[in-house]
Amino acid sequence: MAIQESEGSRAPRRVRRLQAAALLGAAALLLTACGGNAGGTTQSAAGSSEPVKGGTLVYAEVTPINNFQTQSARFYEKANVLNSVLDRLTYFDAESGKLVPWIASSFKANGDNTEFTFDLKPGVTFSDGTKLDAAAVKANLDALGKGVEKAQIQPNVDFSAYKSAEVVDQDTVKVQLKSADANFLRATSSVAAGLVSPKTLELDNAGQSDIKQISGSGPFVYESEKPDEEVVLAKRADYKWAPETAKNQGAAYLDKVVVKYLPEVAHRAGAVQSGQVDLVRGLQPADEAAVASSGNQVLPAPGIDLTANTAAVRIGSGKLADEKVRRALQVGIDRQALKDTVLSDSYQIAGSILNHKAPGFVDLSADLAYNPEQAKKLLDEAGWVPGADGIRAKDGRKLEVTVTTSNNSVVIKPAFELIEQQWRAIGVKLVNRAADNTFLATALQDPKVEFFGTRQFAYGGLGPVFGPETNTQTLNADKELNALFADERAAADADKHKELVAEEQRALVTDKALALVLWDEVQVYGAHEGTHVEFTSGTAPIFQGAWKANG
Amino acid sequence: MGRYVALRIGQALLVVWLAYTVIFLAVQLLPGDPVTIFLSTDAAVDQATIDNMKRQYGYDQPLPVQYFAQLGGLLHGDVGYSLASGEPVAARIGGVIGSTLALALSAFATAVGLALAVVAAATLTRSAALRKLLTNLPPLFAAVPVFWLGLVLLELLSIRWGVMSLFPDGSFLSLAVPVFVLGVHVSAPIAQVLLKSIDTVYNQPFIDVLRAKGASAAWIFFHHALKNAAGPAATITGITVGTLLAGSVITETVFARSGLGAVVLQAVTTQDVPLVQGLVLLTATVFVAVNLLVDLLYPLLDPRILKSNGQGSPRALGV
């Protein structure tokens, strides 16, 4: 199939696209077959020449969404729109790996990370005219930390340590935490901690979820919508409070951004190539080469704010209760083969549970190298012996394990199909229920379903992701891990904190092997030629700095 | 007649109530309640948050209380709240149903027209080859999946030739193409059944009598055969409402149109159980309503229905 991929001529690609359409039901197969060799990936061309002012950028999201309430369930569809409407106190600069000032012109913690002081930029206003002052920030922090009970809005999970905020003066807010939290500042950079006008916070649940009624201080404001079809955002001409590291410190170059939806994955490449959209999210690996070779751009946006894509382990069925079995499965995955067959050059093999560019990342790739012999040895030691059909068994039970995932990722199902083959070679049977949302509805809460394949925002560190008893990854509160998470959150010294974050990764990935890591989270965008756009560490397009060569 | 109508309406209401009950019970069979399921798609949430939200939406009440409270709400048109947007389910569905209805009704009219045209042409043509070709069209229509036809047409019309947008833009083609795609698919079973029953009618002696009297082929087809063959086609038309709804969902997704399709997709991906519940109930109600309509139309097509004892569906007569 690699031959087909390398043929650059027009006709065969069309034929292949039509086949792809015909075989949508079997798209996974096609992906497996045609995935590799998607060369020619281009990086963002931003900064290559002077930005052009004006124009409308048409952006195609994956599915429509009608809940834009700031802190509830965190979906890309929502964050990618809200990122241009709401500002945050801080901004994570991926280049330096540091938090930089945004609405907070400076911020500092006390010695033990229980008290934080934010100095606010003067003169910032929400689009409804309200001042973004200390009182407005306090109102937002209260909503994030405690929820808004009368509007049925739940607290933001990354603000679980929040106790109270105090207005020191018009431009200064002081936050008290119930307990030390070394990740608190990072959590203020998330889109899910976006600041809205105090008037928006007064609305009921439906009102706060309605993009029409949400007023932020961001570079774009809501202009119009056709429900489930498009949202039009217009630039705010008086915007002058971008994050400190933003190249564009003023109003957006673009006049308007039109957000449309392309739930049909087969159209996304064609939409960019035909110029009907300037930017599309969720390009399939199989389409990347065609987009790049037609003079358009393939833009991978690394998910630095998220965990790597991982198969989180649930030990409820007992089959994976022994660490040795989990470690065997960890080294029984050939990640390079996964990249070569299912993914593309836009994807990076995971080196840990954190993204390679995330603060505190430790490279565990040496421990993750494919080693089927060691895997077999570990399984032998754990007492699982191969049966007549090649599948291992112990005490009359076969080593048959199940994976569940949502259908959100275009590559997750073929990825687990390949892992299924790899594990068969070491005598483990994987029942692949990836991308089956119906199964997920029950499996998500079922600790007997051994694997949950996913990735998750980790603004509050790894603790909120893997710690609580209700965590959807492992569905289990591991005492040792939780002690580690608690120490990490409480660590006041930066070096000490970094060391503990490293320890958490080693515990999750190698020692306990509760997260079988696969590839770093990345969202692959397709952009029409002449479109210049960069992305946040949470993979959201930064429309404030975007521009089109032809205006 | 009055007794017949009252009976049919009573039965329809009973079916809707049973459907509601089954849906309610099915939701109870899920592990966890709607709130837990919804919140679990996100990061770990603490139990206090879950309990709080359950209380707000009434999921902490004993089952019988929930059942009757929801049933009572239903009678007032209140189908609960979407957990994802906090919007009432009825408002969420009501906001988009117009778009789906426009698509589905136009597609339905297209389907009936297409089926009639194919059947009339196949019956009236003198060319055996053309008749063979035409009678093979409905199985072909049935075999072509809605999404495939939609994808191919969009690939050609939008991406390759650039005559229409990938997105709904209010142009003629942006409605006509999805309507055609869905209409073709829905026409297949109607045309198939109509062809078959026309065949049966043509084998009956009265057709020979009409021919002997010198009636033209077209006169026989439109004035006599069609009405006699319409019964089974009407039955299958009632059943195609399911195909029509499912097809609308797929067509809307392919053509990026707003409508029930997008809502279904959202409700399922965000695991918004109350919204799914509302959608399933709506589907059941539409199904029952359309079939009720067909039952009520039946006596007009075949007056023998009213002469029977009026028990059970008239279609049991096997006209």
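Calculation criteria
- Residues numbered from 1 in each chain as written.
- Chains lettered and ligands numbered in written order.
- Predicted model: local features only at pLDDT ≥ 70, side-chain atom pairs only at ≥ 80, totals over all residues.
- Heavy atoms only, no water.
- UniProt positions renumbered as here; feature names shortened; annotations may be inferred.
- Patch = residues over 30% accessible without salt bridge, like charges linked within 9 Å, V, L, I, M, F, W, Y side chains within 5 Å.
- Areas by Shrake-Rupley, 256 points an atom, 1.4 Å probe, with all protein chains shown as cover.
- Salt bridge = Lys/Arg side-chain N within 4 Å of Asp/Glu carboxyl O.
- Helix = DSSP H or I, 4+ residues; strand = E, 2+ residues; numbered from the N terminus.
- Buried < 20%, exposed > 50% of the residue type's maximum accessible area, 1.4 Å probe, protein only.
- Contact = heavy atoms within 4.5 Å.
- Polar contact = N/O pair within 3.5 Å; in protein donor to acceptor, adjacent residues only side chain to side chain.
- Nonpolar A, V, L, I, M, F, W, Y, C, P; charged D, E, K, R; others polar.
- Lys, Arg positive; Asp, Glu negative; His and termini not counted.
- Charge placed at Lys NZ, Arg CZ, Asp CG, Glu CD.
- Phe/Tyr/Trp six-rings, centres within 6.5 Å; stacked < 30°, edge-to-face > 60°.

An unreviewed UniProt entry lists chain B under the name ABC transporter permease, from Arthrobacter hankyongi. Here chain B is described in UniProt, under the heading Subcellular location (unreviewed entry), as follows: "Cell membrane".

As annotated in an unreviewed UniProt entry, chain A is ABC transporter substrate-binding protein from Arthrobacter hankyongi. Recorded in UniProt under Sequence similarities (unreviewed entry), the annotation for chain A is "Belongs to the bacterial solute-binding protein 5 family."

Asks: How would you explain a nonpolar patch on the surface if you had to name every residue and give the values?
Replies: Residue and element names in this part refer to chain B. A cluster of nonpolar side chains, contributed by Leu14, Trp17 and Leu18, occupies part of the molecular surface with about 300 Å² of accessible area. Positionally, Trp17 belongs in helix H1 (residues 2–29). Accessibility expressed as a relative area gives 40% for Trp17, which makes it partly exposed.

Asks: Go over the interface of chain B and chain A, please, and point to the residues and values.
Replies: Taken together, the 47 residues of chain B in the interface contact 53 residues of chain A. Between chain B and chain A we count 1 salt bridge in total. The salt bridge involving Arg92 of chain B is made with Asp228 of chain A; its shortest N-O contact spans 3.1 Å. Applying the counting criterion to the chain B and chain A interface returns 4 residue pairs in polar contact (both at pLDDT 80 or more). When contributions to the side of chain B that touches chain A are tallied by element, the ones reaching two or more residues are helix H3 (47–57), helix H5 (89–124), helix H8 (146–160), helix H11 (217–254) and helix H12 (260–269) of chain B. Residue contributions to the side of chain B that touches chain A peak at 9 residues, all from H8 of chain B. Tallied by class, residues from the side of chain B that touches chain A come to 25 nonpolar, 16 polar and 6 charged.

Asks: Kindly report on the pattern of salt bridges, identifying the contributing residues and their values.
Replies: Two side chains of opposite charge can pair, provided their charged atoms sit close to one another. Residues and elements named next belong to chain A. Enumeration over the complete set of coordinates arrives at 30 salt bridges over all chains. For Lys138, the salt bridge identified is with Asp142, shortest N-O distance 3.2 Å. One end of the pair, Lys138, and the other, Asp142, are both in helix H5 (residues 134–146), 4 residues apart, so they sit about a helical turn from each other. In this structure, Lys212 engages Asp210 in a salt bridge whose closest nitrogen and oxygen atoms are separated by 3.8 Å. Assessed through its relative accessible area of 17%, Asp210 is described here as buried.

Asks: If you had to explain the environment of Ile198 of chain B to someone new, which residues and values would you point to?
Replies: Residue and element names in this part refer to chain B. For Ile198, the position within the fold is in helix H9 (residues 172–202). A sequence separation of 79 residues divides Ile198 from Val119, and the C-alpha atoms of the two residues are 8.5 Å apart. Setting aside residues no more than four positions away along its own chain, Ile198 makes contact with Val119, Thr123, Phe221, Ala225, Leu226 and Ala229.

Asks: Explain a negative patch on the surface to me, and be specific about the residues and the numbers.
Replies: All names here are of chain A. On the surface, a cluster of negative charge is contributed by Asp367, Asp487, Glu503 and Asp511. Summarising the element assignment, Asp511 is placed in helix H18 (residues 494–511). On the basis of relative accessible area, Asp511 is assigned to the partly exposed category, the value being 43%.

Asks: Break down the packing of aromatic side chains for me, with residues and values.
Replies: Residues and elements named next belong to chain A. This structure, assessed with the given rule, holds 15 aromatic pairs over all chains. The interplanar angle of 85° and the centroid separation of 5.6 Å between the aromatic rings of Tyr91 and Trp102 together place this pair among those described as edge-to-face. Here Tyr91 is found in strand S2 (residues 90–93), whereas its partner Trp102 is found in the loop between strand S3 (98–101) and strand S4 (104–109), with 11 residues between them in sequence. Both residues of the pair, Tyr91 and Trp102, belong to the buried class.

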